[in-house]
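Survey of secondary and tertiary structure
Below are the chains, spelled out letter by letter.
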Amino acid sequence: CSSFYIGAFAGIAASGGQNNSNTAADHHKLNANNNNSNQIDEKELQRRAEELADQKLKLLTSSHKLQELCNKHMCSNNPADQKNHGSSKEVHKLFPRPLNHFANGLIRVSKDDIMSTFDFGVPPNPHSAGKDALILYNTAKALPNDRYLAAAANLNGYMSLPFTNATTATENCDSLNVVFTDIPGGMRQCFALIGGQYQSYHVQRWMRRADNRLGLNKEESLKLSSRGHTGGGREEFRAPRGSDVAEHQEVLKSYLNEVKGIKSRLMSVLTKMNSKQVVVMTCNHGQSELLMNFVCSSRAKGFDLSNVILFPTDVETKELAEGLGLTTFYEEKLMASVPKTEAEIYGDIFFTKIMFAKIVCVQLVNELGYDLLFMDVDIVWYRNPIDYFMNKSLPQFDIYFQDDGSRQERYAPYSANSGFYFVRANPRTQHLFRHLLYSGDLLNAWNSHQQVLIALLAEYNSLMGLKVKVFAKETELFPGGWLYHRQKNEMKRIMKGESNLYIFHMSWTENKRNKLNFFQQIGQWYVQETCIGKHYNDIVGGDSTVSLSTHCCLAEPLVICHYRDKPSKIPCNNSPYLDKKRGKPFW
């Protein structure tokens, strides 16, 4: 459209135009008047006409003049538009009057620009180069100061939406409501924006589906659906059953009956630790080898663990941890429901019951006013992560998470990994973790502590302004299982010592045996084989004066090959494939 109007006006300019003193009409008069024709040199007239055309083209090729051009000549080709407006001088607008109670303009901004201008806390999509975001203005007063942008935002005859930077686009916005969206499973999504209603900060979701669990069906009418409904028919957010609630109530009853004494005893332990920030961990005996590896690897690298407190779920783990020199806090009544054996797979019954311990240990320390770093035991340190979170230049959020890496709908919009996160103690986070503790029935129903926590993060981000930050999964600072299994080049940088990471979290791993194997392959296993799966007395032979570190901790890592298709410190090309169908050698 723009190029058409440039050509048209160039033709008008070359012939003199109709609005200049040297017009085509003047030229005609000169030719009609024989007495004056000899007074004007034809070559000079041609030169002046070409000069005028050139000047007009230079004006027209500026972005604002092109928009003015489209504005003057109405970019709609529908004659009814002019008729419906009631005046040929009135231009076509993007939003007609019936929509002006909530829609008065649209402007495009770069997605990367708005995500960097405002840190919304969600992990960004790295594949967004060249993609834009839309800003809708509910009143003309919210439009940018630039009159050309403001006019173009409602088209006013313009042929395309204007583009500017995020700062300019939002300079007059008193508030900015942000919606993140994608196309889950290729679903044909629509958005209904309904103005003139009581303001809502939640999104209703309607899907074409039957009342059973057979998934999308285009023959069905749109029905109200939870955000946990998938196109394949699953319901990720089902309401807890009576058995889920009853089990949770029994556990919660034990907590509420004992909580006053528990807090008093815990405060005494934390006070003796004499640290404003603490590292909180929990473990049962089934995972004790991973706990030992964290301690042994940290000591081998020279880290001070005096600010680490472990909440063991059984006596056996308490004895092992104290034998390694860790501070522990054990409450038998509180942990009675937690099994001693490790989970076979993610989400099984043992896994779900162990998750209660992950909730309650964080809630108690947070409630007592301590900033804390919660960590699963399948983590090793390369640098002390507390130093990162205590850096005053770090943007201030209430809670920071490692990116899990999964983009399942049930983890939206944060995909926060519940095995590594830092929490600042304040009323917002304290209320969050109280609510999480009271939501154990959802934990039983969904078999995922992570899923419940993320749902509450989204709710309290909206309800109370809880500031949540999830580090992008591509960051080199806090890598985990997603990177281990899917980012071969970055893992090679880590293996060569070229990465700037703080920790490595062996998440996304099916069971404990594979976690051990993977740690051994990448040169981060520091536990003697004779200590694995053993009780404290079996290791020290009944001599409680002997340090467990002496018996179990290695000064140098034990590097063992297991699989040729998984990251390794050394080439493991003589080892078998873990993925026998699609596996490729790492080196």
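The model shown is predicted, which means the values in this text are computed figures rather than measured ones. (Residues numbered from 1 in each chain as written. Predicted model: local features only at pLDDT ≥ 70, side-chain atom pairs only at ≥ 80, totals over all residues. Heavy atoms only, no water.)

**A closer look at the overall build of the protein chain**
- Looking only at helices and strands, the protein chain features 22 helices and 13 strands.
- Looking at the protein chain as a whole, 46% of its 587 residues qualify as buried.
- Excluding contacts between residues fewer than 6 apart, the proportion of contacts in the protein chain whose partners are at least 24 apart in sequence is 67%.
- About 30,700 Å² of surface is accessible on the protein chain, with carbon and sulfur atoms providing 51% of the total. (Helix = DSSP H or I, 4+ residues; strand = E, 2+ residues; numbered from the N terminus. Buried < 20%, exposed > 50% of the residue type's maximum accessible area, 1.4 Å probe, protein only. Contact = heavy atoms within 4.5 Å. Areas by Shrake-Rupley, 256 points an atom, 1.4 Å probe, with all protein chains shown as cover.)

**Concerning the packing of aromatic side chains**
- Taken as a whole and judged by the stated rule, the model has 28 aromatic pairs.
- Here Phe 374 and Tyr 421 contribute two aromatic rings whose centre-to-centre distance is 5.5 Å and whose plane-to-plane angle is 35°, an arrangement assigned as tilted. A residue pair is termed long-range when its members are at least 10 positions apart, and Phe 374 in strand β8 (residues 371-375) and Tyr 421 in strand β11 (residues 416-423) qualify at 47 residues.
- Exposure remark for Phe 374: the relative accessible area of 1% places this residue in the buried category.
- Exposure remark for Tyr 421: the relative accessible area of 0% places this residue in the buried category.
- With 6.3 Å between their ring centres and 55° between their planes, Tyr 400 and Phe 422 make a pair best called tilted. Taken together, the residues span a long stretch of sequence, with Tyr 400 in strand β10 (residues 399-403) and Phe 422 in strand β11 at a distance of 22 residues.
- One aromatic cluster is present, formed by Tyr 388, Phe 389, Phe 397, Tyr 400, Phe 420, Phe 422, Phe 471, Phe 478 and Tyr 502 through successive ring pairs.
- The ring of Tyr 148 carries Arg 147 above its face, with NZ or CZ at 4.6 Å from the centroid.
- Across from the ring centre of Tyr 502, 3.7 Å away, lies the NZ or CZ of Arg 383, which sits over that ring. (Phe/Tyr/Trp six-rings, centres within 6.5 Å; stacked < 30°, edge-to-face > 60°. Lys NZ or Arg CZ within 6 Å of the ring centre and 35° of its normal.)

**With respect to helix α12 (residues 315-323)**
- Along α12, the positions that sit buried rather than exposed are Glu 316, Thr 317, Leu 320, Ala 321 and Gly 323. Looking straight down α12, one finds that the buried residues subtend no more than 160° of arc, so they occupy a single side.
- Count one or two residues on from α12 and you reach Gly 325, which has phi positive near 90°. (Arc of directions from axis to C-beta.)

**Here's the deal with the side chain of Ser 225**
- When you line up the elements, Ser 225 lands in strand β4 (residues 222-225).
- A polar contact of 2.9 Å, which involves the side chain of Ser 225, links it to the backbone oxygen of Lys 223.
- Once you skip the residues sitting within four places of it in the chain, Ser 225 turns out to touch Arg 205, Trp 206, Met 207 and Arg 209. (Polar contact = N/O pair within 3.5 Å; in protein donor to acceptor, adjacent residues only side chain to side chain.)

**A closer look at the sheet that holds strand β12 (residues 468-470)**
- If you walk across this open sheet you meet the seven strands as β7-β6-β5-β8-β11-β10-β12, and the pairing is mixed. The open sheet is flanked by β7 (327-328) and β12, the only strands paired with a single partner.
- Two elements, β10 and β11, share five bridges in a ladder whose sense is antiparallel. If you follow Tyr 400 over to β11, its bridge partner there is Phe 422.
- Against the sheet, helix α10 (residues 242-273) engages β5 (277-283), β6 (308-312) and β7, with an angle of about 155° to β6.
- Docked against the sheet, helix α17 (residues 449-463) engages β10, β11 and β12, running at close to 55° with respect to β11. (Pairing = 2+ DSSP bridges. Axes fitted to C-alpha atoms, helices over the stretch in contact; angles between N-to-C directions.)

**Regarding a nonpolar patch on the surface**
- A surface patch of nonpolar side chains, about 230 Å² in accessible area, is lined by Leu 176, Val 178 and Phe 180.
- Along the polypeptide, Phe 180 turns up in the loop between α9 (166-169) and β3 (205-208).
- In this structure Phe 180 comes out as partly exposed when scored by relative accessible area, which is 40%. (Patch = residues over 30% accessible without salt bridge, like charges linked within 9 Å, V, L, I, M, F, W, Y side chains within 5 Å. Salt bridge = Lys/Arg side-chain N within 4 Å of Asp/Glu carboxyl O.)

**Details of the nonpolar core**
- One finds Phe 389 and Phe 504 to be the most contacted residues of the largest nonpolar core, which totals 61 residues.
- The element contributing the most residues to this core is helix α11 (residues 288-300), with six residues.
- The contacts of Phe 504, once residues within four sequence positions are left out, are Asp 378, Ile 379, Val 380, Tyr 382, Pro 479, Gly 480, Leu 483, Tyr 484, Met 491, Ile 494 and Ile 522.
- Ranked by size, the runner-up nonpolar core spans 56 residues in total, among them Val 280, Ile 309, Phe 329 and Val 452. (Core = buried A, V, L, I, M, F, W, Y, C linked by side-chain atoms within 4.5 Å.)

**Some points on the pairing of β10**
- Among the five residues that make up β10, five are buried, leaving the element largely enclosed by the rest of the structure.
- In this structure, β10 lies alongside β12, joined through three bridges in parallel fashion. Pairing of Phe 401 across the sheet is with Val 470, part of β12.

**A look at the pattern of salt bridges**
- Applying the stated criterion across every chain, the model contains 20 salt bridges.
- Of the charged contacts in the structure, one is a salt bridge between Glu 247 and Lys 353, with a shortest N-O distance of 2.7 Å. A residue pair is termed long-range when its members are at least 10 positions apart, and Glu 247 in helix α10 and Lys 353 in helix α13 (residues 349-367) qualify at 106 residues.
- The partner of Lys 253 in a salt bridge is Glu 250, with the nearest N and O atoms 3.4 Å apart.

**Re the state of the cysteines**
- Considering all chains together, one arrives at three disulfides under this definition.
- Here Cys 296 pairs with Cys 553 through a disulfide, and the sulfurs are 1.9 Å apart. An S-S torsion of about -65° defines the bridge between Cys 296 and Cys 553 as left-handed. Of this pair, Cys 296 sits in helix α11 while Cys 553 sits in the segment after α22 (548-552), and the two are 257 residues apart along the sequence.
- Disulfide pairing places Cys 561 opposite Cys 572 at an S-S distance of 2.0 Å. (Disulfide = S-S within 2.5 Å.)

Don't take any of this as a statement about function, it's just geometry.
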